[in-house]
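Secondary and tertiary structure notes
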Amino acid sequence: MPSSSSSSSGDLLSAARRVRTFGQLKQLHAQALQHAFHGQPNQWLTHLLAHCARLRAPRSYARRLFDAARSPDARAFTSMLRFYSLLGARSEVLSLVSRMLRHGLPPDAFVFPILVKNSASGALEPLHGRVLRLGHCADPYIRNAIMDAYAKRGAPANARKVFEEAPQITAADWNAMVSGYWHCGDEAEARRMFDAMPAKNVVSWTAMVTGYCKIGEPEKARVVFDAMPERTVVSWNAMLSGYAQNGLAEAALKLFTEMVDGEVHPDETTWVTVVSACSSRRDLRMAESLVAALEERGMISENPFLKTALLDMYAKCGALCKAREIFDAMGRSRNSVSWNAMISGYCREGDLAIARQLFDEMPRRNVISWNSMISGYVQNGQWGSALELFNAMEEEVKPDDVTMASVLSACGHLGALGTGRRAAEIISREKIRLGLSGHNALVFMHSRCGSVAEARRVFQEMPTRDVVSYNSLITGLAAHGHGGEAVALLRRMKEEGVDPDRITFLGILTACSHGGLAAQGREVFSAIGSPTVDHYACMVDLLGRAGELDAAAKLVAEMPVAPHAGVYGALLHASRIHRRVDLGELAAEKLFALEPENAGNYVLLANIYAAARRWEDVEKVREAMQRSGVRKTTACSWVELRGEIHRFTAGDQSHPQREEIYRVLQEYGEKMRAMGYAIDRSWSLKEVEEEEEEGMVGTHSERLAVGFVLLAGAPREAIRVVKNLRICGDCHLAIKMISKISGRDIVVRDTNRFHCFRDGGCSCGDYW
DNA sequence: TTAGGGTTAG
């Protein structure tokens, strides 16, 4: 730390070398200013500037120093160039080099490497030619920069040529080639180069460790690591981060212990890796002890990497306040990674409003910022918001595979097939390579939207499949009546060595239940090791639908786990279908206690009594419902039309197109009545309004949605030719016709079911 | 001042 009593220029200059933070640099600057720079302003400014890159000073500060120098010399230019190069500010680098030339300062051995690194891809070869003409290829710094640039731009052959034409080959040249080949993903050539090296040094070995980790082969990296004749802290760090990046956090932590036991001193990079490996454990106590260890060693520094890793660790352990403290204290050393870590922390905790506020305030957003926010919405069930944000994203950043996985998931949850298909188009147009989770999301989207054939096709074409892939397809098959195929898929996944999990069995049981496969369902159920309460609920549903109500009731009575509302709900539904008042009463009684706020249970029981013509009991249930103050929850429907999602709410009297919608509905309803169908009251605005005056929910969300679709372009003529009006109910039929005639896919989703209409066909499914 | 290591999204 510079002391204020220092007065001589030499003292202050040597103090600059010890400066560790930007704050200290500014302090030194102020002191020097007090002494009028000891009469040597240029020397001072250049000296201060030289430290800006290392201390990550703000761009404006560095620029001010540079501009204040009366006639910047080569050293000032080089410092400024190095600063811009570190920021990745390529155009500033290039314009500064032009300015140097105008000042009569041609690029030298310091400037050429920076220029090479920042040159545009087309400019590299001419630049290389110039370097050759000037004889600079004898300079190892320049030569290495050129080799590195060629390799990084995917031209390892050019790098090889430079290597072979070098007047004398140093270890650095060999190493540049080894890492160059790794950079191009050429394992074989990197290995050949490494084996051919006359004198390998620790850098060569470390490059091999890193290379194997980068291609996802940490085991091979470990073999190299174990064979190393000597290791530096960088070698350890390479192996540690290799484990961490391949998801082997435990192996990383174990290696860290070995490292400390072997008395290798961890540096800041080590700590960054270890802290991030700890984050994945979500273990706050361990996080705290790690911070204590850091404090004990005096390692809590201003290093933004370490700060961000700590921030992320706290955020992942659920200690958002601590994370925010670090974030706020970081001030201007915050970078996009810290912002992103903070945003995803809030998303993880469901604080979407704060996350969004940060997202909107963030100075420079990258694709990860967008992905964090979009997936935050998806994970919290705000699928519409996720799609809205995705639409806004396209103007700023290109989406990648992670983006598309979230978007497809949102489309699946919403039943938005059209949007999902457009997402699939974007993937192929932009040549986005989907990973496993992206493919899974695509299968999920098609499954949930009822396009089973496409779900099947994507599933077949996937390079690898995991339990999630199978579950997505099985669930889709289950919901759309392909029970037998779902059961066959269970066999296939076992053959492929993928273990089914509880979701798989839920899907299979649902498939059997919906597909009337009671015997197979029983067989599968008995094969589940320890069925959860959800599996029991499915099984009760299966038996109930199959009419085996006594077996269902027996299963409930003998369950080893406490039944939840889903179990009794299944029993109640079955009792309604098969008119079993006794079991219905039993199930309803339990349900009234388990979920007193659920109006549906009262309604079902009332219907069971009504079917048995026990009107007094019906009345009693209605009274009980009123006494307990239960109200039916507000139903919602979504319609996707021409790529837009339109949402409708039951009881919504303020829809802007309400009158027009009901005009169309009434027209349609009258035609249906004329054809002999019993259309209920809610097709005419007058009658809906009467119901609403009596305090009833007259406006049905699904009916509004249908009217909206009709209004949007139903060909009236089609309505008359429809014969079979009762397949799926009045509303379904209306939309089926529109879908058939217009060739459009239309998805209607209400709070309990989704309905997917394609080419005059319709698939319906419960969602869970 | 060149060759090897670091934080964020699913």
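Given the structure is predicted, the values throughout are model-derived calculations rather than measurements.

**A short note on the UniProt feature "repeat: PPR" (unreviewed entry) in chain A**
Cross-referencing UniProt, the feature "repeat: PPR" (unreviewed entry) maps to residues 73-107, 201-231, 232-266, 335-369 and 466-500 in the present numbering. As annotated, residues 201-231 comprises 74% helix and 0% strand, and the C-alpha atoms at either end are separated by 10 Å. Its end C-alpha atoms 12 Å apart, residues 335-369 is made of 74% helix and 0% strand.

**Digging into the side chain of His-128**
Here His-128 lies in helix α8 (residues 124-133). Here His-128 is in contact with Cys-137, Ile-146, Tyr-150 and Val-162, once residues within four sequence places are set aside.

**Some thoughts on the protein's contact with DNA strand B**
Residues in close proximity to DNA strand B total 45 residues, the closest being Phe-110, Asn-237, Asp-267, Asn-303 and Asn-340. Here the atoms of DNA strand B within 4 Å of the protein split so that 40% fall in sugar or phosphate, with bases taking the remainder. Side-chain polar atom of Asn-144 to a base oxygen of DNA strand B: 3.0 Å apart, as the coordinates give it. For DNA strand B, a phosphate oxygen lies 3.4 Å from a polar atom in the side chain of Arg-348. Tallied by class, the residues present in the surface near DNA strand B amount to 13 nonpolar, 22 polar and 10 charged.

**Structural notes on the pattern of salt bridges**
Taken as a whole and assessed by the stated rule, the structure comprises 35 salt bridges. For Glu-430, the salt bridge identified is with Lys-398, shortest N-O distance 3.1 Å. Within this pair, whereas Glu-430 is found in the loop between α26 (417-429) and α27 (436-448), its partner Lys-398 is found in the loop between α24 (383-393) and α25 (401-414), the two being separated by 32 residues in sequence. Note on Glu-430: relative accessible area 29%, which makes it partly exposed. Residue Arg-429 is joined to Glu-430 by a salt bridge in which the shortest nitrogen-to-oxygen separation is 3.6 Å. The class of Arg-429 is exposed, set by a relative accessible area of 53%. The network of salt bridges with common partners includes Arg-160, Glu-164, Glu-189 and Arg-192.

Criteria and cut-off values
- Residues numbered from 1 in each chain as written.
- Chains lettered and ligands numbered in written order.
- Predicted model: local features only at pLDDT ≥ 70, side-chain atom pairs only at ≥ 80, totals over all residues.
- Heavy atoms only, no water.
- UniProt positions renumbered as here; feature names shortened; annotations may be inferred.
- Helix = DSSP H or I, 4+ residues; strand = E, 2+ residues; numbered from the N terminus.
- Contact = heavy atoms within 4.5 Å.
- Near = heavy atom within 4 Å.
- Polar contact = N/O pair within 3.5 Å; in protein donor to acceptor, adjacent residues only side chain to side chain.
- Nonpolar A, V, L, I, M, F, W, Y, C, P; charged D, E, K, R; others polar.
- Salt bridge = Lys/Arg side-chain N within 4 Å of Asp/Glu carboxyl O.
- Buried < 20%, exposed > 50% of the residue type's maximum accessible area, 1.4 Å probe, protein only.

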